[in-house]
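Structure assessment
Now for the letters of each chain:
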Amino acid sequence: MKPFFIGNIEIKLPIIQGGMGIGVSLSGLASAVANEGGIGVISCAGLGLIHPKTPGDFWGNSIWGLKEELRRAREKTSGVIGVNIMVALTNFSDMVRTCIAEKVDIIFAGAGLPLDLPSYLNPESKTKLAPIISSSRAAQLICTKWKSRYNYLPDAIVVEGPKAGGHLGFKREEINDDHFALEQIVPEVIKVADSYKDEKQIPVIAAGGIYSGMDIRRFLNMGAAGVQMGSIFVTTEECDASIVFKNTYIKAKEQDMRIIQSPVGMPGRAIDGAFIRDVETGARRPKACPFHCIKTCDYSKAPYCISQALYQAAKGNLGKGFVFAGLNAYLAEKINSVKEVIMKLKTDFSASN
Ligand SMILES: Cc1cc2nc3c(=O)[nH]c(=O)nc-3n(C[C@H](O)[C@H](O)[C@H](O)COP(=O)(O)O)c2cc1C
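Owing to the predicted nature of the structure, the values given are computational and were not obtained by experimental measurement.

The next thing to look at is the layout of surface pockets. One number sums up the size of the second largest pocket: a volume of about 360 Å³. As for the second largest pocket, its lining consists of 14 residues, and the residues nearest its centre are Tyr 211, Ile 232, Leu 331, Asn 336 and Lys 344. Here the lining of the second largest pocket is composed, by residue class, of six nonpolar, three polar and five charged.

Another aspect to go through is the domain arrangement of the chain. When cut into domains, the chain gives domain 1 (4-241 + 333-351) and domain 2 (243-329). Relative to domain 2, the C-alpha centre of domain 1 lies at a distance of 22 Å. Counting from both sides, the interface comprises 37 residues of domain 1 and, opposite them, 33 residues of domain 2. Both sides of the domain 1 and domain 2 interface together cover about 3,000 Å² of buried area, and 67% of this is carbon and sulfur. Viewed at the interface, domain 2 and domain 1 are joined by zero salt bridges. Linking domain 1 to domain 2 there are 17 residue pairs in polar contact (both at pLDDT 80 or more). Looking at the side of domain 1 that touches domain 2, the elements with two or more residues in it are α2 (47-50), α3 (58-76) and β9 (166-167). Of the residues that constitute the side of domain 1 that touches domain 2, the class distribution is 21 nonpolar, ten polar and six charged.

Counted at 1.5 Å a residue, the expected span for α3 with its 19 residues is 27 Å, and the 27 Å between its end C-alpha atoms agrees. Along α3, the residues that are buried comprise Phe 58, Asn 61, Ser 62, Gly 65, Leu 66, Glu 68, Glu 69, Leu 70 and Ala 73. At its buried positions, α3 is contacted by α1 (27-35), β4 (39-43), α2, β5 (80-86) and α4 (92-101).

Counting buried positions along α1 yields eight of nine residues, so the element is predominantly enclosed. Regarding α1, the residues found buried are Ser 27, Gly 28, Leu 29, Ala 30, Ser 31, Ala 32, Val 33 and Ala 34. Buried-residue contacts for α1 involve β3 (15-17), β4, α3, β5 and α11 (338-351). Phi turns positive, to about 100°, at Gly 37, one or two residues after α1.

Every one of the 24 residues lining the ligand counts as a neighbour, but Gly 19, Glu 160, Gly 209, Gln 228 and Ser 231 are closest to it. Contacts to the ligand include Gln 228, whose side-chain N or O atom sits 2.7 Å from an oxygen atom. Within the backbone of Gly 230, one N or O atom sits 2.8 Å away from an oxygen atom of the ligand. When the free accessible area of the ligand is taken as 610 Å², the share hidden by the protein chains comes to 95%. At the level of secondary structure, the elements contributing two or more residues to the shell around the ligand comprise β5 and β11 (226-229). Along the lines of polarity and charge, the residues of the shell around the ligand split into nine nonpolar, 13 polar and two charged. Lining the shell around the ligand are residues from two domains, each supplying at least three of them: domain 1 (4-241 + 333-351) and domain 2 (243-329).

Further remarks concern the packing of aromatic side chains. Applying the stated criterion across every chain yields a total of ten aromatic pairs. Residues Phe 58 and Phe 291 carry aromatic rings whose centres are separated by 3.8 Å and whose planes lie at 5° to one another, so their mutual orientation is stacked. Remark: Phe 291 occurs in the loop between α9 (274-280) and α10 (306-315) and Phe 58 occurs in helix α3; sequence separation between them is 233 residues. Both residues of the pair, Phe 58 and Phe 291, belong to the buried class. The interplanar angle of 55° and the centroid separation of 6.3 Å between the aromatic rings of Trp 146 and Tyr 152 together place this pair among those described as tilted. Of the two residues, Trp 146 and Tyr 152, both sit in the buried class. Ring pairing ties together the aromatic residues Phe 275, Tyr 304, Phe 322 and Phe 324, which thus form one cluster. In this structure, Lys 200 is placed above the aromatic ring of Tyr 152, and the distance from its NZ or CZ to the ring centre is 4.3 Å.

Core analysis: the largest hydrophobic core is formed by 111 residues, its most contacted members being Ile 85, Phe 233 and Phe 322. With seven residues, the single largest contributor to this core is helix α6 (residues 182-194). If sequence neighbours within four positions are ignored, Phe 322 has contacts with Ile 260, Ala 270, Phe 275, Ile 276, Tyr 304, Ile 306, Ala 309, Leu 310 and Ala 313. Residues Ile 6, Ile 11, Ile 132 and Ala 156 belong to the second largest nonpolar core, which totals 16 residues.

Turning to the environment of Lys 126, a few remarks are in order. Counting through the fold element by element, Lys 126 comes out in the loop between β6 (106-110) and β7 (128-133). Taking the C-alpha atoms as reference, Lys 126 lies 27 Å from Cys 239; in sequence the two are 113 residues apart. Excluding residues that lie within four positions of it along the chain, Lys 126 makes contacts with Lys 103 and Asp 105.

Turning our attention to the pattern of salt bridges. Applying the stated rule across the entire model yields 15 salt bridges. Residue Asp 298 is joined to Lys 301 by a salt bridge in which the shortest nitrogen-to-oxygen separation is 3.3 Å. Look at Lys 301 and you get exposed, because its relative accessible area is 66%. One salt-bridge network, held together by shared partners, links Glu 68, Glu 69, Arg 71, Arg 72 and Glu 75.

Turning our attention to empty space enclosed by the protein. A full pass over the atoms with the stated rule returns two cavities of 30 Å³ or more. Estimates place the volume of the largest cavity at around 150 Å³. Residue lining of the largest cavity: 14 residues in total, with Cys 289, Cys 297, Tyr 299, Cys 305 and Ile 306 positioned closest to the centre. Grouping the amino acids of the lining of the largest cavity by side-chain chemistry returns twelve nonpolar, one polar and one charged. In this model, the second largest cavity occupies a volume close to 40 Å³. Taken together, Gly 21, Ile 22, Val 24, Phe 245, Leu 310, Ala 313, Ala 314, Phe 322, Val 323 and Phe 324 form the lining of the second largest cavity. Going through the elements one at a time, α10 and β14 (323-324) are the ones with two or more residues in the lining of the second largest cavity.

Thresholds, definitions, all that
Residues numbered from 1 in each chain as written. Predicted model: local features only at pLDDT ≥ 70, side-chain atom pairs only at ≥ 80, totals over all residues. Heavy atoms only, no water. 1 Å grid on protein atoms, 1.4 Å probe; cavity = no way out; pocket = protein on both sides within 12 Å on 5 of 7 lines; lining within 4 Å. Points joined across faces, edges and corners; volume = space filled by probe spheres on them. Nonpolar A, V, L, I, M, F, W, Y, C, P; charged D, E, K, R; others polar. Domains from an automatic or database assignment. Contact = heavy atoms within 4.5 Å. Buried area = accessible area lost by both parts, 1.4 Å probe. Salt bridge = Lys/Arg side-chain N within 4 Å of Asp/Glu carboxyl O. Polar contact = N/O pair within 3.5 Å; in protein donor to acceptor, adjacent residues only side chain to side chain. Helix = DSSP H or I, 4+ residues; strand = E, 2+ residues; numbered from the N terminus. Expected span 1.5 Å × (residues − 1). Buried < 20%, exposed > 50% of the residue type's maximum accessible area, 1.4 Å probe, protein only. Near = heavy atom within 4 Å. Areas by Shrake-Rupley, 256 points an atom, 1.4 Å probe, with all protein chains shown as cover. Phe/Tyr/Trp six-rings, centres within 6.5 Å; stacked < 30°, edge-to-face > 60°. Lys NZ or Arg CZ within 6 Å of the ring centre and 35° of its normal. Core = buried A, V, L, I, M, F, W, Y, C linked by side-chain atoms within 4.5 Å.

Set out below in structure tokens:
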């Protein structure tokens, strides 16, 4: 696997660990991946729940929590650390400003179009900006708007297909339609990126359902500079979620992988369980919304609080939440170290030549 550059940052191993909220990818997982030469990514969704430093101050706690996770990650690695920020978060601005002030290597911004992201940069900023999109149309829109408004082009683009875990940037009926398959959209996004090559090299990173060395080779052969992988890193010793969460992946069968409609207004991919079935049968009643954390969440109608549900699941309270996972997450057989996972990917990659 060849290294690549995001601006002046060398990514020695072209594997990006996808940001996973809430509390699934924090400093533990991110630093372990960064130590292997990939990009480790801290998810900043729900950091105010994970770090309740000042009771009642979700917003302040989120900023403090992000700084704390970055401090812990930097204690463990000198590798490349990114932060994943969902555009739909109501504290998107706080999180972006904190990342830039803390000189985070790279921001990955998805779950919405980060059209104003470059406006947060200042002349001293070191942080690179990578939108996460699910179509060439979105990639083109971001490039056009960023260039005309800020004279800035993305430093990398992550293209996430419908086999990914978590919230998906597709309509429900598009998820199983081959026209929207990752194999289809990666070359289209590369074409958009290539159209700017005289001004800037924009590496394209493929994500969603990539689970083996052979998968990695397929997307690198298509012209992707790297891949983003989420699910495969959940079943590692260093993943920040509880063992109960990790074991849900190991126990899951192919038929357990399913699509849910999230209160955020997007479909999501998850592992079936009692919580999800209760929601579908109407057994869950709306809960109080203490901090309205997601812009697109209609909390007056939502049957549950998605932040609490994801946080509880990551802590292992599966009666109170559910587990997001990519389509291939059921392939997990046991818990390994991040080093072992990456060694196997490298071996399989070489063997698939
Ligand atoms: C448990 C879980 C939580 C996730 N949370 C986020 C998130 O907070 N923000 C985001 O942009 N993507 C999120 N994702 C998507 C991942 O970053 C990654 O792109 C995706 O999982 C790649 O697909 P894979 O799991 O098949 O490798 C999540 C995925 C999982 C499995």
